[in-house]
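A structural walkthrough
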Amino acid sequence: MSHYNVHTHIFTMQNAPKDFLHLYLPGFAANLVDNVTSTQAGSNLVQGLLRLAGNGGRKYASFLSVGKSAHPKYVFNELLSAYDNDDVKIVALTLYMERLGAGSSESGYEGQLEQVLEVLRMHDTKLLPFLGVDPRWKGNGVELCATVQNYFNTPVKVNEMKSVNPFYGLKLYPSTGFYFFDERLKETLTWAAAHGVPLLTHCSYLGGIYNNDRDYLLSHVNAFNVYTGKNHPAPAAHHKLEKKIFRRIIGVQKSKNNLYYSSYFLEPESYRSVLTYFRDVVKTPLKLCFAHFGSDEHMVLQGGNENLKENLFGVLPRENWAKQIQNLMLEFDTVYTDISYSLTNNKTHDFIFNELNKSYGNRILFGTDYYMTEREGKERDTYNAFKAKALQKQITLNGVTQNAWDMIAGTNVQAFLKSNYFGS
Amino acid sequence: MGLFELPLVSMAVSIIIIWALIAILTGFVHEAIAQWLAERGRFMRKWLMSQMNDKVNGINWASLIYLHGSVDLLTRDIKKPTGNISGKLFAQTLIEVVGKSHAAQMQSIEGARIDYSSEILKNLKHALMVLKPSDVITMIQQGLAIAETKAGTGLQREQVVYDELVKHIEIWFSEFEWRMSDWYKRKTKVRLFMLGTVIALALNVNSIELFHYVKHNAEGRERIIEYYEKNISQLEALAVKSESPQSFDILKKEIDEQKTRIEDLSKSADMPVGFDKSVFSSSKITSIRDFIVLIFGASLTGFAVSFGAPFWFDLLRKIYTLKKV
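Below is a summary of the structure that appears in this document. On a predicted model such as this, the values are computed, not experimentally measured, just so you know. (Residues numbered from 1 in each chain as written. Chains lettered and ligands numbered in written order. Predicted model: local features only at pLDDT ≥ 70, side-chain atom pairs only at ≥ 80, totals over all residues. Heavy atoms only, no water.)

1. Things to note about the state of the cysteines
As enumerated under the stated definition, the model contains 0 disulfides over all chains in all. The cysteine cysteine 203 of chain A is free of any disulfide, with cysteine 289 of chain A supplying the nearest cysteine sulfur at 9.4 Å. (Disulfide = S-S within 2.5 Å.)

Here it is as structure tokens:
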């Protein structure tokens, strides 16, 4: 049986906007790190200094080392080397990052796609790219859908004897500044539903990439939902700008507040109207995976039946995101989730194995979120540790008994990926 | 008394010769550092990425060129891109990556006919028809149009078209390289100044002290000028070499040899130059005035060195032309 890692990234800093590091570091530090790590000597120096800062520093050093690679093919080779002799197929998610409020990327988004397709030519039996989609990529929804279809329907020539499909699914990252219910996505979602094309959307509370343009956020967070006919009720009444002196001094307060605003775009509840529309009106449900199961923190809270300590930045401020995803999986039988990044927290493992026993257990997917997870630990260690545990667990669902590993990394992912472009 | 027999003129010429010799040494040290940091390669990549960034089509063609096997195989390390991409390799790779790009392949024009049997030219022509007219695409389109005109309708037409197109892009690339070399020189000026100042401190090439030395030491001036006149060709060749990319081992050898030349000249002309005469070996600083003079003198040398060795040898050549006249 083939196994899959449904959530990885092979883009490099070349594919990220020029002020990307400003999302996470004060401006002066971001510029310094970016300039110094451009050379091998500088990169070694920064990594050496980071290692002196202890475990946390070592991990950032590892992340930086991969991210500053010259090309996705080096990142992919590094990733492949983590699996030893295991036959693992890898879903690599491309990401449209041109509208984060952080400038544009060096490679261009279409350039990122060309680079990934070049890696596909070299590793056509291992790599399953997903096409990152953003309603702001093209002028309107019709153009966006036509572009997506063109990308999907043009095979990539591996050699004179063989061509393969370029993409196997769509990736969305709403916290970069759009809602899943954005009208410009409708044609693309309709096409995806009609062809069984899976969608994978980022869904980790206050984690990941976000839009760093305050004016943009304020004018779009209350967007009109074409599926409900109403404006989305954001920001919530309790939402207040954070004002911490230390954060102001080091220059990260503004970005923090932008991160909180971006949370509304990601909240699982904001997807409900679209999922309902495609199930009940179009009668062709969307196959949608909420990545990260809401975040490791929320998984642990949900697993321990614990309450939130404070209101979340979202329209359901008292419902953690793992619970919101569980509810959606119960309500919609084409909603999935994956455990990427969250699995690096060992405290989530019991929760994950319990979830596999539930009615939606066949819709929980294995992913790691390489190379974001290099901050937490090496891919090889993350993969081997989880796999070893999962192989010990037997799950019986719908009369079928199999070990948790074959389920979460095998049959579940195969079902998710199945479409007119895969496995048919 | 001829102009060159005037003490002031021979003083100036002596100082220039010393600066030129230090500039050669600094040039080699700078090249060694640049080599170690793969700076020329990174500089080339930076500017190619900047120039070939096709925002209209959303693709940075330079990033695809660097990814291409033919170019990637020239790179010794992912963080040390090659600085040795020939014009021909650049042109051939650009033609291929544009033609093969998925962004082009996935678009079609109804009723369009492309009369090429060669896949490379067919793909390229198609790409130029469907991609938006950015600067890069326009440059290639112009090249193809010129190539097609030159090729006419002969039997070897497609080969001629390809060769002419490659030549067109090669010309663009060589003009780009020339400009890039200019930009690189401007970028390295500040670095040469800083490095030159450090070397001046290390070898006690204090321009103020040297002015004093050449003013009061006619025999010393003679020795310096004699040394230059005996070794003009060799020194001019070294000046050019000091600004050219070379292997690390060769640069190390040149640095050692140039250091030896300077030390030997310093001994024979009894100059106050050498590591044993520097602030690191002897207690030269006994007052704030000494410190200021040292720093200012070394900085003056650094400033002179930042012009580069070829500049000073050019000046010397002009001075000697005047002398002959």
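2. Observations regarding the environment of aspartate 72 of chain B
For aspartate 72 of chain B, the position within the fold is in helix 4 (residues 69-72). Separated by 108 residues in the primary sequence, aspartate 72 of chain B and methionine 180 of chain B have C-alpha atoms spaced 21 Å apart. For aspartate 72 of chain B, the contacting residues outside a window of four places in its chain are Lys73 and Tyr74 of chain A together with Tyr66 and Leu67 of chain B. (Helix = DSSP H or I, 4+ residues; strand = E, 2+ residues; numbered from the N terminus. Contact = heavy atoms within 4.5 Å.)

3. What to know about the packing of aromatic side chains
For the structure shown, the criterion picks out 46 aromatic pairs over all chains. Between the aromatic rings of tyrosine 109 of chain A and tryptophan 137 of chain A, the centroid separation amounts to 4.9 Å while the plane-to-plane angle is 85°, which identifies the pairing as edge-to-face. Here tyrosine 109 of chain A is found in helix 5 (residues 109-122), whereas its partner tryptophan 137 of chain A is found in the loop between strand 3 (127-132) and helix 6 (141-153), with 28 residues between them in sequence. Accessibility expressed as a relative area gives 2% for tyrosine 109 of chain A, which makes it buried. Look at tryptophan 137 of chain A and you get buried, because its relative accessible area is 8%. Considering the side-chain rings of tyrosine 168 of chain A and phenylalanine 422 of chain A, the 5.9 Å spacing of their centres and the 85° angle between planes classify their relative orientation as edge-to-face. You can see tyrosine 168 of chain A sitting in the loop between strand 5 (162-164) and strand 6 (169-172) and its partner phenylalanine 422 of chain A sitting in the segment after helix 16 (404-417), a full 254 residues away along the chain. Here a set of aromatic residues connected by ring pairs shows up, and it is made of Tyr96, Tyr109, Trp137, Tyr151, Phe152, Phe167, Trp191 and Tyr421 of chain A. A cation over an aromatic ring shows up here: lysine 189 of chain B above the ring of phenylalanine 307 of chain B, its NZ or CZ 5.1 Å from the ring centre. (Phe/Tyr/Trp six-rings, centres within 6.5 Å; stacked < 30°, edge-to-face > 60°. Buried < 20%, exposed > 50% of the residue type's maximum accessible area, 1.4 Å probe, protein only. Lys NZ or Arg CZ within 6 Å of the ring centre and 35° of its normal.)

4. Thoughts on the sheet that holds strand 12 (residues 364-365) of chain A
Residues and elements named next belong to chain A. In spatial order, the strands read 1-2-3-6-7-10-11-12; together these 8 strands make up an open sheet with parallel pairing. In this open sheet, the two edge strands, each paired with only one partner strand, are strand 1 (3-8) and strand 12. Summarising the sheet, strand 1 and strand 2 (residues 88-93) pair through 4 bridges and their orientation is parallel. Bridging across to strand 2, tyrosine 4 finds its partner in lysine 89. (Pairing = 2+ DSSP bridges.)

5. Focus: the interface of chain B and chain A
Facing the 26 residues of chain B at the interface are 35 residues of chain A. Of the roughly 2400 Å² buried at the junction of chain B and chain A (both faces included), carbon and sulfur atoms supply 55%. Among the residues of chain B in contact with chain A, Leu67, Lys79 and His102 of chain B are the three that bury the most area, contributing 30% of the side total. Here chain B and chain A share 2 salt bridges between them. Linking lysine 157 of chain A and glutamate 119 of chain B is a salt bridge whose minimum nitrogen-to-oxygen distance equals 3.3 Å. Between chain B and chain A we count 15 residue pairs in polar contact (both at pLDDT 80 or more) in total. (Buried area = accessible area lost by both parts, 1.4 Å probe. Salt bridge = Lys/Arg side-chain N within 4 Å of Asp/Glu carboxyl O. Polar contact = N/O pair within 3.5 Å; in protein donor to acceptor, adjacent residues only side chain to side chain.)

6. Quick look at the pairing of strand 3 of chain A
Residue and element names in this part refer to chain A. By the criterion of burial, strand 3 is predominantly enclosed, with 6 of the 6 residues buried. Judged from the 4 bridges that link them, strand 2 and strand 3 form a sheet pairing that is parallel. The residue of strand 3 that forms the bridge with leucine 93 is phenylalanine 130. Between the parallel pair strand 2 and strand 3, the chain is carried across by helix 5, and the sense of this crossover is right-handed. Alignment of strand 3 against strand 6, held across 3 bridges, turns out to be parallel. Residue pairing in the sheet places glycine 132 in a bridge with lysine 171 of strand 6. (Right-handed = clockwise from strand over helix to strand, strands pointing away.)

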